[in-house]
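The primary structure of each chain is shown beneath.
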Amino acid sequence: MNTGKVDVLLGLQWGDEGKGKVVDVLTPHYDVVARFQGGPNAGHTLEFEGQKYVLRSIPSGIFQGGKVNIIGNGVVLAPDLFMEEAQELEKSGHPLKNRLHISKKAHLIMPTHRILDRAIEAAKGKNKVGTTGKGIGPAYTDKVSRAGLRVGDILDHFEEKYEAHKARHMRMLKALGWSDFKDLDKVEAKWMEGVRYMKRT
């Protein structure tokens, strides 16, 4: 690899273009594979050594030993979904600790971002955009307004920061007239488990 040279793979449609498969093919020629933006949407389905994997947040270079994989600060990350994805890879014999690095500046998708996603979509009525409801848009709104939680916050007074951001989201939801908080406690418990997993690893 030439020092200082970076190749960027971009999608020019609406997603589901096979970017992950292309990265997987190109990876042997590179030392570092990085995701620089996006969230855990549909994911990239890859077949490696006869097994199928769906990657939503983790770069597809993770299957190649000796490669550095980075989740960059432009990515929005859901701890619960990240944990599920990482555990599946670990179970199938793909170690992450020495291969994967996550920027402390990457923003976290909170459970209340998912509720905001639904509430904002409902408020649009017939002008709905067809969101997946995974909270990606509201998480990016917080990122752009410099109001969101980041991976690095996990390491310092996290519960206090989390509650402050959650309270702000709840005020926004109240202003939208939203009252459907079904399963929030359950989702939040799994999300916090994901935060603890990220902190350990």
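Let me begin by describing the structure that accompanies this report. These figures come from a predicted structure and were not determined experimentally.

### Remarks on unusual backbone geometry
For step 1, the next point in the chain: The phi dihedral of Arg 146 is positive, around 55°, even though this residue is not glycine.
For step 2, the next point in the chain: Within the secondary structure, Arg 146 sits in the loop between helix H4 (136–144) and helix H5 (158–175).
For step 3, the next point in the chain: Judged by relative accessible area, which is 79%, Arg 146 ranks as exposed.
For step 4, the next point in the chain: A positive phi is found at Asp 183, a non-glycine position, where the angle reads about 65°.
For step 5, the next point in the chain: Mapped onto the elements of the fold, Asp 183 is located in the loop between H5 and helix H6 (184–200).

### Quick notes on the nonpolar core
For step 1, the next point in the chain: Counting 28 residues, the largest nonpolar core has Ile 58, Phe 82, Leu 89, Phe 158 and Trp 191 as the members making the most contacts within it.
For step 2, the next point in the chain: Per-element accounting of this core gives the leading share, five residues, to H6.

### Brief notes about the layout of surface pockets
For step 1, the next point in the chain: The calculated volume of the second largest pocket comes to roughly 330 Å³.
For step 2, the next point in the chain: Forming the boundary of the second largest pocket are 16 residues, of which Leu 100, Ile 102, Val 151, Met 198 and Thr 201 lie nearest the centre.
For step 3, the next point in the chain: Breaking the lining of the second largest pocket down by element, the ones donating at least two residues are helix H2 (79–91), strand S6 (100–102) and H6.
For step 4, the next point in the chain: Looking at the lining of the second largest pocket residue by residue, the class counts come to ten nonpolar, two polar and four charged.

### Let's talk about a nonpolar patch on the surface
For step 1, the next point in the chain: A cluster of nonpolar side chains, Val 6, Val 8, Leu 10, Leu 12 and Phe 36, forms an exposed patch at the surface whose accessible area comes to about 590 Å².
For step 2, the next point in the chain: Here Phe 36 falls in the partly exposed class, since its relative accessible area comes to 44%.

Procedures and definitions
Residues numbered from 1 in each chain as written. Predicted model: local features only at pLDDT ≥ 70, side-chain atom pairs only at ≥ 80, totals over all residues. Heavy atoms only, no water. Helix = DSSP H or I, 4+ residues; strand = E, 2+ residues; numbered from the N terminus. Buried < 20%, exposed > 50% of the residue type's maximum accessible area, 1.4 Å probe, protein only. Core = buried A, V, L, I, M, F, W, Y, C linked by side-chain atoms within 4.5 Å. 1 Å grid on protein atoms, 1.4 Å probe; cavity = no way out; pocket = protein on both sides within 12 Å on 5 of 7 lines; lining within 4 Å. Points joined across faces, edges and corners; volume = space filled by probe spheres on them. Nonpolar A, V, L, I, M, F, W, Y, C, P; charged D, E, K, R; others polar. Patch = residues over 30% accessible without salt bridge, like charges linked within 9 Å, V, L, I, M, F, W, Y side chains within 5 Å. Areas by Shrake-Rupley, 256 points an atom, 1.4 Å probe, with all protein chains shown as cover. Salt bridge = Lys/Arg side-chain N within 4 Å of Asp/Glu carboxyl O.

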